[in-house]
Amino acid sequence: MSNSTRTLNLALATWVSAINFWAWNMIGPLSTTYAEALPLSASQASMLVATPILVGSLGRIVVGALTDRYGGRVMFIAISLASILPVLAVGFAAEMDSYALLLLFGFFLGIAGTIFAVGIPFANSWYEASRRGFATGVFGMGMVGTALSAFFTPRFVRWFGLIPTHVIIAVALAVTAVACILVMRNSPSFVPNTDPVLPKLKAAAKLRVTWEMSFLYAVVFGGFVAFSNYLPTYIKNIYGFSAVDAGARTAAFALAAVLARPVGGALSDRIPPKTVVLTSLAGTAVMAVVATFKPPADVWSAVTFILLALFLGIGTGGVFAWVARRSPAASVGSVTGIVAAAGGLGGYFPPLIMGATYDEAANNYTVGLLLLALTALAALAYTALKLSAREPERVYDKT
């Protein structure tokens, strides 16, 4: 295979991920607007933000297994097309000021979030083992869709209106699907795994690597997803910024994590992924504690959350480089689906916890942030004490 062909396919896969991540995150940047218009309590707003995360997470389990069977090209096309209607429906529900319909259609919006379970096995199949950390890291940059959504969605609503904004993203999804049909190809090394889905998932669930990586990914990717979706609410409550200004700051957070992800993947090609992950978890715990002191806007709060994003970002790259290195070749999609689902689930609970533990009188999220720090420290201890820095890859390859 030529370098230009695999580079083109990796670049297109990254874009497909980005536009689907934007669709998946359509509610988060506007959550403060919805909370004021409907109006919603902190818990209700948290539930609205968290619902697409839950569905996008659990759906990855099945999508990962289907990717082993049908290949990334078919699944990229299918998910992009299937996400169009939920994007439009969410826009109309918001226009009707219906919280119940927003929750309902937000549930189906979660389909877009399953895209991540497609890209990891797709990228793996195009690159040799020594460069899979790089490949998965580059694909992971599709998380930039959350930054694009946080920055542009409130602005699009202000410039064009609520419904046109959702129509724009729906059209972008359709164009993306057409581009995949015309340009994208599976790697010549891709071999369909035609085993039934449930046995494949059961086999993946029996691998120790699946649950070890799921735990770690739930912390690092879950932290990224949670903050990318809940930060607009956090910033508005703590610092009093408008929805547009909060979106811009959330976009900076998401962009920092996105740029750090391929760094974490590339580093894991050169040094043990364990070292990368330990650094990520230690930095995450420290920055979560720093955030409890409510550093003043804009410089010190920006430094705090950008550093938090960078640590979470290199962690996501490091964990999935570890997944690619340890998973049996025929089960990468199944293992990826479960691990990716765990990451998404890790992002489901923090917004609910942040909303439930918000101290309105003192205007702080101290409890929620400390829980994040404690979780990161628990993952740090497990990684340091239980996981090997050098994996017996040949054992897994023979599985």
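Computed from a predicted structure; not experimentally measured. (Residues numbered from 1 in each chain as written. Predicted model: local features only at pLDDT ≥ 70, side-chain atom pairs only at ≥ 80, totals over all residues. Heavy atoms only, no water.)

**Student:** Requested: an account of the overall build of the protein, with residues and values cited.
**Tutor:** A count of helices and strands for the protein gives 18 helices and 0 strands. For 399 residues, the compact-globule estimate of 2.2 N^0.38 gives 21 Å, and the protein sits close to it at 20 Å. Considered along the principal axes of its C-alpha atoms, the protein spans approximately 60 × 45 × 35 Å. Within the span of the protein, comprising 399 residues, buried residues form 57% of the whole. Partitioning the contacts of the protein with sequence separation of at least 6, the portion at a separation of at least 24 is 87%. Accessible surface, the protein as shown: approximately 14,900 Å² in total, 70% of it carbon and sulfur. With 25 positive and 15 negative side-chain charges, the protein shows a separation of 10 Å between the mean positions of the two kinds. (Helix = DSSP H or I, 4+ residues; strand = E, 2+ residues; numbered from the N terminus. Rg over C-alpha atoms; globule rule 2.2 N^0.38 Å. Buried < 20%, exposed > 50% of the residue type's maximum accessible area, 1.4 Å probe, protein only. Contact = heavy atoms within 4.5 Å. Areas by Shrake-Rupley, 256 points an atom, 1.4 Å probe, with all protein chains shown as cover. Lys, Arg positive; Asp, Glu negative; His and termini not counted. Charge placed at Lys NZ, Arg CZ, Asp CG, Glu CD.)

**Student:** Residues and numbers for the packing of helix 4 (residues 72-82) against helix 7 (residues 116-126), please.
**Tutor:** Packing of helix 4 against helix 7 brings their axes to within 9 Å, and their N-to-C directions diverge by 155 degrees. The orientation of helix 4 relative to helix 7 falls into the category roughly antiparallel. Our pair here, helix 4 against helix 7, has a crossing hand that is left-handed. Contacts between helix 4 and helix 7 involve G72, R73, M75, F76 and I79 on the former and, on the latter, V118, G119 and F122. Residues that form the contact of helix 4 with helix 7 fall into these classes: 5 nonpolar, 2 polar and 1 charged. (Axes fitted to C-alpha atoms, helices over the stretch in contact; angles between N-to-C directions. Parallel < 35°, antiparallel > 145°, perpendicular 65-115°, else oblique. Left-handed = near helix turned anticlockwise from the far one by under 90°. Nonpolar A, V, L, I, M, F, W, Y, C, P; charged D, E, K, R; others polar.)

**Student:** How would you summarise the packing of aromatic side chains if you had to cite specific residues and measurements?
**Tutor:** All chains considered together, the criterion is met by 28 aromatic pairs. Between F107 and F108 the ring centres are 5.3 Å apart and the planes differ by 80 degrees, which places this aromatic pair in the edge-to-face class. For F108, a relative accessible area of 40% puts it in the partly exposed group. On the numbers, 5.5 Å between centres and 65 degrees between planes, the contact of F156 with F160 is edge-to-face. Note that F156 and F160 are positioned in helix 9 (residues 144-160) at a spacing of 4 residues, about one turn of the helix. The rings of F21, W24, F76, F116, F122, F139, Y217, F221, F224 and F320 are connected pair by pair, giving a single aromatic cluster. Over the aromatic face of F241 sits the side chain of R249, whose NZ or CZ is 3.9 Å from the ring centroid. (Phe/Tyr/Trp six-rings, centres within 6.5 Å; stacked < 30°, edge-to-face > 60°. Lys NZ or Arg CZ within 6 Å of the ring centre and 35° of its normal.)

**Student:** Provide a residue-level description of a nonpolar patch on the surface, including the pertinent values.
**Tutor:** Taken together, the side chains of F349, I353, V367, L371, L374 and L377 present a nonpolar region at the surface, about 530 Å² in accessible area. Every element with two or more residues in the nonpolar patch is listed here: helix 16 (332-357) and helix 17 (366-386). In terms of residue count, the dominant contributor to the nonpolar patch is helix 17 (4 residues). (Patch = residues over 30% accessible without salt bridge, like charges linked within 9 Å, V, L, I, M, F, W, Y side chains within 5 Å. Salt bridge = Lys/Arg side-chain N within 4 Å of Asp/Glu carboxyl O.)

**Student:** Go over the nonpolar core, please, and point to the residues and values.
**Tutor:** Counting 108 residues, the largest nonpolar core has F76, M213, L216, Y234 and F253 as its most contacted members. With 15 residues, the single largest contributor to this core is helix 12 (residues 208-239). What F76 contacts, discounting residues up to four positions off in sequence, is A13, V16, I115, V118, G119, F122, F139, C180 and M184. (Core = buried A, V, L, I, M, F, W, Y, C linked by side-chain atoms within 4.5 Å.)

**Student:** Tell me about the packing of helix 1 (residues 3-24) against helix 8 (residues 132-140), and name the residues and values.
**Tutor:** Relative orientation of the contacting elements helix 1 and helix 8 amounts to 40 degrees, with a least axis distance of 8 Å. Listed contacts from helix 8 to L10, A13, T14 and S17 of helix 1 are F134, A135, V138 and F139. Tallied by class, residues from the contact of helix 1 with helix 8 come to 6 nonpolar, 2 polar and no charged.

**Student:** For empty space enclosed by the protein, give the residues involved together with the corresponding values.
**Tutor:** One pass over the full model with this rule turns up 1 cavity of 30 Å³ or more. For the largest cavity, the full set of lining residues is W24, N25, P52, I53, T146 and N229. Class assignment for the residues of the lining of the largest cavity results in 3 nonpolar, 3 polar and no charged. (1 Å grid on protein atoms, 1.4 Å probe; cavity = no way out; pocket = protein on both sides within 12 Å on 5 of 7 lines; lining within 4 Å. Points joined across faces, edges and corners; volume = space filled by probe spheres on them.)

**Student:** Residues and numbers for unusual backbone geometry, please.
**Tutor:** L38 connects to P39 through a cis peptide bond whose omega is -20 degrees. Position of P39 relative to the elements: it lies in the loop between helix 2 (31-37) and helix 3 (42-70). Looking along the chain, the bond that leaves A297 and enters D298 is cis, with omega of -5 degrees. Along the chain, D298 falls in the loop between helix 14 (273-291) and helix 15 (299-326). Here the phi dihedral of K294 falls at roughly 50 degrees; this positive angle occurs in a residue that is not glycine. If you trace the backbone, K294 turns up in the loop between helix 14 and helix 15. A positive phi angle, near 50 degrees, is found at N363, a position not held by glycine. Structurally, N363 can be placed in the loop between helix 16 and helix 17.

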